[in-house]
Amino acid sequence: LLQDAHNNSVLNNEVLGAFLQSGRVAGLSRPVEIQFWHDMVLDASNATCVFWQPGADAGSTGSWSRDGCETTHGEGTVICRCNHLTYFAVLLLPAGALSPAQLASLTHISTIGCSLSAAATLCTLLLCCFSSTSCPPRSCRQWLRDNTTRIHMHLLATLLLLNCSFLLSTALAAGTAGLCRVTAALLHASLLCALAWMAAEAFHLLLLLVKVYNIYIQHYLLKLCLFAWGLPMLAVAAVFIFKRDTYGYHAISTSEGYRNVTIVSSARCWLTSLPAHYATLCYAGLILLFNTLVLARVVMILRRIRRQKGQARKDWVTVLGLTCLLGTTWGLAFFSFGVFLVPQLYLFTILNSLQG
């Protein structure tokens with residue numbers, strides 16, 4: 001009977017109703033205390049005292065709310081103190097769920113960071129193009145033939161595409177289902193391509209540092225493009241064609257998800273399939289592991305060739321720059337559990353949205 005739109009579960013399936021025949025009781029200066037017993041491990045983040053709020057419209061059944069209620073946890077009990085009488089329960093929430101305020105702040109940070117990154121990558125690409133047309137012909141040809149510069153420009157292009165598609169995924173979440181699927185597929189493809197070009201950066205850096213001489217790979221840049229552009233795009237296109245429902249509307253639950261309040265920032269166009277989500281995590285994990293090993297190798301080489309006294313600071317600046325270039329900060333995604341969840345989300349959002 002007391003089932004809300006989010007199918008949240010109630011502690012021990014128990015609902016307690018308390019009323020007075022004389023009429024409605026609300027706004028009490030001294031709250032009513034209700035105790036719920038249990039044999040589970042609970043805390044304030046995933047067990048909250050709520051009351052049933054009937055729907056205002058005839059077609060609306062109602063929803064759980066915690067207005068006017070405080071939650072206290074004891075040994076084997078959850079104590080609810082509420083300033084009114086109605087139906088009470090303890091609502092169980094997913095462990096580590098974000099509050100709406102945290103979700104809103106993370107959304108603002110990611111929007112600002114991705115906007116700045118998109119502007120920076122676009123300006124850098126335009127600057128590179130205009131510089132190539134205004135410089136002396138011989139130096140321009142040498143600059144454009146430099147594989148390092150070309151790889152950097154490809155990475156910039158994928159980051160621009162990733163930031164733009166991420167911003168679109170939020171804006172178009174309220175649009176049509178077909179447009180949302182296309183946007184989600186574009187976001188997924190741009191993420192896979194960006195990670196692949198970070199791996200290409202790591203591979204190229206490894207060749208430059210470890211094999212300094214006699215480096216020649218026929219059609220080197222073409223092969224990198226087939227790996228970093230072709231394979232991710234082909235995989236996403238195949239999934240979109242044969243299993244289109246993998247992409248679509250993705251809602252982010254919060255610790256107050258039981259309220260019948262729609263938070264626009266909590267939805268975007270993204271993956272709707274858990275297997276696809278785990279496959280993406282595995283793909284990212286392999287690339288980030290390779291990039292981290294390359295970064296560790298670079299640090300060892302820098303320490304070995306360091307000769308001047310003041311060069312250590314320059315080395316660490318180089319390492320920090322390479323950390324951003326190789327995208328090793330994306331590895332923070334694998335620490336989204338327990339007490340690390342909220343700090344990790346803020347670090348992940350700030351560092352990676354500003355990568356461009």
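Reading the values: the criteria
Residues numbered from 1 in each chain as written. Predicted model: local features only at pLDDT ≥ 70, side-chain atom pairs only at ≥ 80, totals over all residues. Heavy atoms only, no water. Helix = DSSP H or I, 4+ residues; strand = E, 2+ residues; numbered from the N terminus. Pairing = 2+ DSSP bridges. Axes fitted to C-alpha atoms, helices over the stretch in contact; angles between N-to-C directions. pLDDT = per-residue confidence, 0-100. Contact = heavy atoms within 4.5 Å. Buried < 20%, exposed > 50% of the residue type's maximum accessible area, 1.4 Å probe, protein only. Patch = residues over 30% accessible without salt bridge, like charges linked within 9 Å, V, L, I, M, F, W, Y side chains within 5 Å. Areas by Shrake-Rupley, 256 points an atom, 1.4 Å probe, with all protein chains shown as cover. Salt bridge = Lys/Arg side-chain N within 4 Å of Asp/Glu carboxyl O.

Q: How do you make sense of unusual backbone geometry when you look at a structure like this?
A: Only a minority of non-glycine residues have a phi that is not negative, and only a minority of peptide bonds are not trans. For Asn13, which is not glycine, the phi torsion reads 55° and is therefore positive. Secondary-structure assignment places Asn13 in the loop between strand S1 (9-10) and strand S2 (16-17). One non-glycine residue, His219, lies in the positive phi region at around 50°. Along the chain, His219 falls in the loop between helix H4 (177-210) and helix H5 (220-242).

Q: Whenever I open this one, the sheet that holds strand S3 (residues 32-37) confuses me. Can you help?
A: The strands making up a sheet are joined through hydrogen bonds of the backbone, oriented either antiparallel or parallel. Spatial strand order, S3-S7-S6: three strands in an open sheet with antiparallel pairing. In this open sheet, the two edge strands, each paired with only one partner strand, are S3 and strand S6 (69-74). Each strand axis lies, on average, 20° off the axis of its neighbour in the sheet, ignoring direction. With six bridges joining them, S3 and strand S7 (residues 77-82) adopt antiparallel strand pairing. Bridge assignment links Val32 to a residue of S7, and that residue is Cys82.

Q: What is the right way to look at the confidence of the model for the chain in this model?
A: Detailed conclusions should not be drawn from predicted coordinates in areas where pLDDT is low. Residues with a pLDDT of 70 or more make up 80% of the chain, whose mean pLDDT is 82. Across the chain, the secondary-structure element scoring lowest on mean pLDDT is helix H2 (residues 137-145), at 53, and the one scoring highest is H5, at 96. Across residues 257-265 the pLDDT falls below 50, and counting only partners more than four positions away or on other chains, this stretch makes 24 contacts in the model.

Q: Explanation requested: the side chain of Asn163 in the structure shown.
A: Inspection of the secondary structure puts Asn163 in helix H3 (residues 147-171). The buried category is assigned to Asn163, whose relative accessible area is 5%. Among all residues touching Asn163, those that are not within four sequence positions of it are Cys114, Ser117, Ala118 and Ser353.

Q: So what exactly am I meant to see when it comes to a nonpolar patch on the surface here?
A: On the surface, Ile112, Leu116, Leu347, Ile350, Leu351 and Leu354 cluster together into a nonpolar patch covering about 540 Å² of accessible area. Contributing elements (two or more residues each) for the nonpolar patch: helix H1 (100-134) and helix H8 (341-353). For the nonpolar patch, the element with the highest residue contribution is H8, accounting for three residues. Structurally, Leu351 can be placed in helix H8. For Leu351, a relative accessible area of 39% translates into the label partly exposed.

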